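# An overview of the molecular structure
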Amino acid sequence: MSFNAWLSELNRILVVFVPCILIGLVSGHLDYFFIIGLMIYGLWTARQLVTLKQWLDDGAPVDDAPEYLGIADQHVSSIVDLQKERQANREKLEDLITHYKEMISALPDAVVIMASNGEIKSANQAATNLLQIDPSRDTNTRITQLVRRPAFTDYFSAQKFDQPLEIRGTSDHEPELSIRVIPFGEKKLVLIAQDMSQSARIYEMRRSFISNASHELRTPLTVILGYLETLSIHQAMPEECNTAVKSAEVQAVRMKQLVEDLLTLSRLESTASVVKDTEVIPVATLITDIVEESKLSTWFTDHQISIHLDTDVKLHGDLQEIHSVISNLINNAVKHTEAGSVIKVTWKKSDDGKLQFIVEDNGQGIAPEHLGRLTERFYRVDAGRSREKGGTGLGLSIVKHILERHEAVLEIDSKIGLGSAFICNFPAHRIAKKNKKLNKNNEI
Ligand code: ADP
């Protein structure tokens, strides 16, 4: 307590006791008047305490702070200072919350704050438009009761939020969404949903354009190729014309392959869903057949190709698509390695139960900067060389899409000067169980 506070308290004591003592001395009853002085001082102090308590009970309002409370004055002014500081902080916090709310509500993406069990705590305007969540009505309701799309229910109950969820749109009411859930703070989640309808529409337009253009090109190309084939076997053709026709035929074959690959890719992209267990694929037999076919390729020159079938398990999937994966990888190994290279094709079960189809070669290998881009459409390490060998630059992109549809992952391992390994990892649940019965459509 400050010196001034004690001084003013002493002043009050003097104001009460000096007259009492003087009157006591004059009247000869000093003891009575001293007691009276004590009582007056006691009552005064009690009144001060009651005033202080009432003020504190009222929440210690700054504008209504009691005055002249003697030694309590110092406490009152400290409390007033604290209250002022608290009020300033509260105003700052309110400003911050207002800015934050304005910012969240201005976002075009839906933002929903939830407890870890999915109970909604707050949401912005876009959440009402995209997910039909009304914060005034739906606070404390579980999100899975409001966003009823099955893919979302599965995603939320799996609680694996490391990857975003893409949900296909069915109508304007149910737009195409990309949903991300991010855990934060203590057991809280923020859901961010982005409307992908516009970009999905553009993507679909591009895909259908490529598909239509390829379809349109297919028929005239077949006709041109037919004529070129007829001409090329024509005996009476002069030598220079024969060379030109042969060259045109090679280019037409390449173009036809390109059109076929574009059609395959666009079909795969339009059916991004996982292939159900429709067919039982005898992978080992398929590998043996495709290796034999690859030996007929123009590029198969003294290659030493070996097959290692460590398992005879069959796979559930689409036969034609798996055929395409195997032949693309084996033909790539033949096409992109020098004559006499060693190629090893393996079908095996790994220690953790996964199934692996591996094509390894001891070719020139691929530099690390290319590895991440090889599955992009038209990406080639050496475009000229690839074209020369009839490559379209779409093979690995097709492989990647097919593997995704079979819940499998492509791994590429390559070292310059040592060779490359293309590994397809299929999950164990894709193994066709011997005892499972198929119905007449070959379905389980
Ligand atoms: P392409 O029709 O050119 O073979 P892909 O999509 O199948 O197209 O392959 C993309 C590129 O990856 C190829 O152009 C080639 O540069 C590289 N590549 C693929 N397989 C191999 C391999 N076994 N060894 C070296 N390079 C390869």
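Thresholds applied
Residues numbered from 1 in each chain as written. Predicted model: local features only at pLDDT ≥ 70, side-chain atom pairs only at ≥ 80, totals over all residues. Heavy atoms only, no water. Helix = DSSP H or I, 4+ residues; strand = E, 2+ residues; numbered from the N terminus. Buried < 20%, exposed > 50% of the residue type's maximum accessible area, 1.4 Å probe, protein only. Areas by Shrake-Rupley, 256 points an atom, 1.4 Å probe, with all protein chains shown as cover. Near = heavy atom within 4 Å. Polar contact = N/O pair within 3.5 Å; in protein donor to acceptor, adjacent residues only side chain to side chain. Pairing = 2+ DSSP bridges. Axes fitted to C-alpha atoms, helices over the stretch in contact; angles between N-to-C directions. Contact = heavy atoms within 4.5 Å. Domains from an automatic or database assignment. Salt bridge = Lys/Arg side-chain N within 4 Å of Asp/Glu carboxyl O. Core = buried A, V, L, I, M, F, W, Y, C linked by side-chain atoms within 4.5 Å. 1 Å grid on protein atoms, 1.4 Å probe; cavity = no way out; pocket = protein on both sides within 12 Å on 5 of 7 lines; lining within 4 Å. Points joined across faces, edges and corners; volume = space filled by probe spheres on them. Nonpolar A, V, L, I, M, F, W, Y, C, P; charged D, E, K, R; others polar.

This brings us to the overall build of the protein chain. Across its full length, the protein chain carries 14 helices and twelve strands. Taking the principal axes of the C-alpha coordinates as reference, the protein chain spans close to 155 × 50 × 45 Å. Sorting the 444 residues of the protein chain into buried and exposed places 36% on the buried side. Summed over its atoms, the accessible surface of the protein chain is roughly 26900 Å², and 57% of this surface lies on carbon and sulfur atoms.

Below, the discussion takes up the site of the ligand. Near the ligand lie 19 residues; those nearest to it are N332, H336, S386, T392 and L396. Within the side chain of K335, one N or O atom sits 3.2 Å away from an oxygen atom of the ligand. In the environment of the ligand, an oxygen atom lies 3.1 Å from a nitrogen or oxygen atom belonging to the backbone of V381. Relative to its free-state accessible area of 530 Å², the ligand is covered by the protein chains to the extent of 96%. When residues of the shell around the ligand are traced back to their parent elements, those giving at least two are α11 (319–335), α14 (395–405) and β12 (419–426). Ranked by the residues each element gives to the shell around the ligand, the list is headed by α11, at three residues.

Bringing the sheet that holds strand β3 (residues 165–167) into the picture now. Across a sheet, paired strands are connected by hydrogen bonds in the backbone, their directions being either parallel or antiparallel. Strand order in the open sheet formed by five strands is β2-β1-β5-β4-β3, with antiparallel pairing between adjacent strands. Where the open sheet ends on each side, the last strands, each with one partner, are β2 (120–123) and β3. Strand-to-strand, the axes of this sheet are offset by a mean angle of 20 degrees, without reference to chain direction.

Turning our attention to the sheet that holds strand β11 (residues 409–415). Taken in spatial order, the five strands make up an open sheet running β7-β9-β10-β12-β11, and their pairing is mixed. Bordering the open sheet on either side are β7 (304–309) and β11, each of which pairs with just one other strand. Taken pair by pair, the neighbouring strands of this sheet meet at an average axis angle of 10 degrees, ignoring direction. Bridge count between β7 and strand β9 (residues 342–349): six bridges; the pairing is parallel. Following the sheet pairing, I307 is matched in β9 by V345. In this fold helix α10 (residues 283–294) packs onto β7, β9 and β10 (355–361), with an angle of close to 175 degrees to the strand it touches most, β7.

Now for the domain arrangement of the protein chain. For the protein chain, the assigned domains read domain 1 (3–101), domain 2 (107–195), domain 3 (199–270) and domain 4 (279–443). Spacing between the C-alpha centres of domain 2 and domain 3 amounts to 46 Å.

The subject of this paragraph is unusual backbone geometry. One non-glycine residue, N140, lies in the positive phi region at around 75 degrees. As for its position among the elements, N140 is in the loop between α5 (135–138) and α6 (143–146). Overall, the relative accessible area of 47% leaves N140 in the partly exposed class. With a phi angle near 55 degrees, Q159 is a residue other than glycine that sits in the positive phi range. Here Q159 lies in the loop between α7 (150–158) and β3.

What the rule picks out here adds up to 15 salt bridges. We note a salt bridge from E292 to K295, for which the minimum N-O separation is 3.2 Å. Overlapping salt bridges bring together R267, E321 and R405 as one network.

I326, L329, I330, W347, F357 and F426 are the most contacted members of the largest nonpolar core, which has 42 residues in total. When residues of this core are traced back to their parent elements, those giving at least two are α9 (239–270), α10, α11, β9, β10, α14 and β12. In terms of domain composition, this core takes at least three residues from each of domain 3 (199–270) and domain 4 (279–443). Excluding its chain neighbours within four sequence positions, the residues that come into contact with I326 are V283, L286, I287, I290 and F357. One finds L130, L177, I179 and A193 within the second-largest nonpolar core, a separate group that totals 24 residues.

What follows deals with empty space enclosed by the protein. Under the defined criterion, the tally for this structure stands at two cavities of 30 Å³ or more. Empty space within the largest cavity amounts to approximately 50 Å³. R206, R207, I210, L262, L265, S266, E269 and R377 are the residues that line the largest cavity. Put simply, the parts of the chain that give the lining of the largest cavity at least two residues each are α8 (197–232) and α9. Looking at the lining of the largest cavity, the element that brings in the most residues is α9, giving four residues. Split into classes, the residues belonging to the lining of the largest cavity amount to three nonpolar, one polar and four charged. Here the second largest cavity is characterised by a volume of approximately 40 Å³. Along the walls of the second largest cavity sit V283, L315, I322, V325, I326, W347, F357 and F426, which together make up its complete lining. Considering every element that reaches the lining of the second largest cavity, the biggest residue donor is α11, with three residues. When its residues are assigned to classes, the lining of the second largest cavity shows eight nonpolar, no polar and no charged.

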